[in-house]
Amino acid sequence: MLNTLLIVNILIGMIMTVAYGYQIVYIFIGFWLKMKEKRHPQAEVQVPYHRFAAICSARNEEVVIGQLITSLKNQNYPQDLLDIYIIADNCTDNTAACSRGLGAKVIERFDDKKKGKGYALDYFFKKLKSEYEEIPYDGYFVFDADNIVDQNFVKEMNKTYSLKGYKAMTSYRNSKNYGQNWIAQGYSVWFLTEARYINYPREYLGTSCAISGTGFFVANDLIEENGGWPYHLLTEDIEFSVNCAINGNKIGYCDKAMVYDEQPTQINQAWIQRLRWSKGFYQINAKYTGRLAKGILKRGNDRFSCYDLLMTTAPSMLITILAVIFNLMMFMLCIGDKSLMAHKVMTISSEYAVFAVINTYLMMFVRGALTIFTEWHNIKATTKEKIVSAFTFPLYMLANIPICVAALFGKVEWKPIQHFATDKTDF
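Residues numbered from 1 in each chain as written. Predicted model: local features only at pLDDT ≥ 70, side-chain atom pairs only at ≥ 80, totals over all residues. Heavy atoms only, no water.

Peer 1: Can you help me understand the nonpolar core in this one?
Peer 2: Taken as a class, soluble globular proteins show a tendency for nonpolar side chains to be buried jointly. Counting residues in hydrophobic clusters, the biggest one holds 49 residues, and the most contacted among them are Phe124, Phe125, Tyr140, Trp229 and Phe240. Sort the elements by how many residues they give to this core and helix 7 (residues 182-205) lands first, with seven residues. The contact partners of Phe240, leaving out residues within four places of it in the chain, are Ala168, Ile211, Val218, Leu222, Asn226, Trp229, Tyr231 and Ile251. Counting residues in each nonpolar core, the second largest holds 33 residues, with Ile65, Ala145, Val154 and Tyr166 among its members. (Core = buried A, V, L, I, M, F, W, Y, C linked by side-chain atoms within 4.5 Å. Buried < 20%, exposed > 50% of the residue type's maximum accessible area, 1.4 Å probe, protein only. Helix = DSSP H or I, 4+ residues; strand = E, 2+ residues; numbered from the N terminus. Contact = heavy atoms within 4.5 Å.)

Below you can see the structure in the form of structure tokens.
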């Protein structure tokens, strides 16, 4: 029994270290690039302008939709080259009227069976194709209704698109309500970490990035190639990213294009959203694991992108949970046994379970604190709120434990998240 316990724990540790060790390299690269950028800021480069459309799928978002449209109207980019479309998706409020009043083009959609942004985007692209003999846009920016877009967002994305020709790109996802409470801070730190220490290093290494919900770009060529937006799992953004890796369509990253996102502040809202994310990852595991594995072995393909996305979507938290459960079971099996071996098993198994939780907290603390340090001036919050968030971020991440378990066994459907207008205007 003791040998079994030791062998299983060592194997799990080795597998997790080998599988995810490359992300330590990401952290070093992200930090080094940030420091280098401070010492040597990039010079302005002149590039040609392209014509784009900004798209937002909104369901009962009359409270916040105006902020998004206004920020898009205030872009440091020729307004005649940027059209704004709002897909009023199953709305029962004044989202459509508010959007039209602010000068956006509105497409109303009513379908109570096909729910979610993936279906709304597909509806939009098919409708656009039916109305134009030749699509007038080079590409599309996709936003959420609660977003506020930095005034140089389109300009910077256009620059990256012009210079590198990516068919898809993601951006720097910031938060407009960072300091509201520990839940909003947890979301915020994660998205900042994703930008600085995951997608930024990917871009530097020349491997594919991944889009994350909002503030991303898709070229019209890729939409035509895909026949619209055929991504309808609960995490359609990650599904799109996985498909890009499999098919060799590299997703780029534009660090200077910033979008501000509103994060949930209530436990029930955070639970609903993160439960959907976890279930969506399980759906991707079931549908794409085999194809990603084949992509790793396929010559001429971006093998590392396939591996990276496979590790990103793999249920690593579930593996950790099962490892803890295994050790607790070994502990319980030895209760009442007075032998020396049973004592050793109980000691090792209990130490492992406690160590797994403490180690996870410490790793997340270091990662979060590093993100807060390097992104300090981009975070819209007080010094106290930033410092406190370094300690609460690991708690936000540890909440994934019950969420992963609930998502594994429960039925999960797409549900809207309520948004609220922010009083801040310094974006």
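Peer 1: I'm lost on the packing of helix 10 (residues 267-297) against helix 11 (residues 303-313) in this one. Help?
Peer 2: Between two packed helices, what matters for the description is the angle formed by their axes and the separation of those axes. The N-to-C vectors of helix 10 and helix 11 enclose an angle of 155°; their axes lie 9 Å apart at closest approach. Classed by the angle they form, the pair helix 10 and helix 11 counts as roughly antiparallel. In this structure, helix 10 crosses over helix 11, and the sense of that crossing is left-handed. Along the contact surface, helix 10 presents Phe281, Ile284, Asn285, Thr289, Leu292, Gly295, Ile296 and Leu297, while helix 11 presents Arg303, Cys306, Tyr307, Leu309, Leu310, Thr312 and Thr313. Residue composition of the contact of helix 10 with helix 11, grouped by class: nine nonpolar, five polar and one charged. (Axes fitted to C-alpha atoms, helices over the stretch in contact; angles between N-to-C directions. Parallel < 35°, antiparallel > 145°, perpendicular 65-115°, else oblique. Left-handed = near helix turned anticlockwise from the far one by under 90°. Nonpolar A, V, L, I, M, F, W, Y, C, P; charged D, E, K, R; others polar.)

Peer 1: What am I meant to see in the environment of Ala286 here?
Peer 2: Within the element layout of this structure, Ala286 appears in helix 10. By relative accessible area, Ala286 is classed as exposed at 72%. In this structure the C-alpha to C-alpha distance between Ala286 and Cys404, which are 118 residues apart in sequence, comes to 15 Å.

Peer 1: What is the right way to read a nonpolar patch on the surface from this model?
Peer 2: A surface patch of nonpolar side chains, amounting to about 300 Å² of accessible area, comprises Met1, Leu333 and Met341. The topology assignment puts Met1 in the segment before helix 1 (2-20). (Patch = residues over 30% accessible without salt bridge, like charges linked within 9 Å, V, L, I, M, F, W, Y side chains within 5 Å. Areas by Shrake-Rupley, 256 points an atom, 1.4 Å probe, with all protein chains shown as cover. Salt bridge = Lys/Arg side-chain N within 4 Å of Asp/Glu carboxyl O.)

Peer 1: Teacher, can you tell me more about the packing of aromatic side chains here?
Peer 2: Aromatic ring pairs: the centre-centre distance and the angle between the two ring planes describe each pair. Under the criterion given, the structure shown has 31 aromatic pairs. Ring centres of Phe365 and Phe391 lie 4.9 Å apart, and the angle between their planes is 45°; on these two criteria the pair is classed as tilted. Here Phe391 lies in helix 14 (residues 383-398) and Phe365 lies in helix 13 (residues 340-374), a separation of 26 residues in the sequence. Assessed through its relative accessible area of 45%, Phe391 is described here as partly exposed. (Phe/Tyr/Trp six-rings, centres within 6.5 Å; stacked < 30°, edge-to-face > 60°.)

Peer 1: I keep staring at the side chain of Asp83 and nothing clicks. Help me out?
Peer 2: Position of Asp83 relative to the elements: it lies in strand 2 (residues 82-89). Residue classification places Asp83 among the buried positions, given a relative accessible area of 11%. Here Tyr137 takes part through its side chain, which lies 2.5 Å from a polar atom of the side chain of Asp83. Excluding its chain neighbours within four sequence positions, the residues that come into contact with Asp83 are Arg51, Phe52, Ala53, Ala54, Lys105 and Tyr137. (Polar contact = N/O pair within 3.5 Å; in protein donor to acceptor, adjacent residues only side chain to side chain.)

Peer 1: Looking at this structure, how should I read the environment of Phe124?
Peer 2: Locating Phe124 in the fold gives a position in helix 5 (residues 117-131). Residue classification places Phe124 among the buried residues on the basis of a relative accessible area of 0%. Sequence spacing of Phe124 and Thr320 is 196 residues, and the spatial spacing of their C-alpha atoms is 41 Å. Look past the residues within four positions of Phe124 in its chain and what remains in contact with it is Ile55, Tyr85, Ile87, Ile107 and Tyr140.

Peer 1: Help me understand empty space enclosed by the protein in this model?
Peer 2: In this approach a probe as big as a water molecule rolls over the atoms, and the regions it shows empty are the leftover space. Within the structure shown, the criterion is met by one cavity of 30 Å³ or more. Estimated volume of the largest cavity: approximately 60 Å³. Around the largest cavity, the lining residues are Thr170, Ser171, Arg173, Phe191, Glu194, Ala195, Asn199, Ser212 and Thr214. Counting only elements with at least two residues in the lining of the largest cavity, the list comes to strand 6 (168-175) and helix 7. Counting residues per element, the lining of the largest cavity draws most heavily on helix 7, at four residues. Residues that form the lining of the largest cavity fall into these classes: two nonpolar, five polar and two charged. (1 Å grid on protein atoms, 1.4 Å probe; cavity = no way out; pocket = protein on both sides within 12 Å on 5 of 7 lines; lining within 4 Å. Points joined across faces, edges and corners; volume = space filled by probe spheres on them.)

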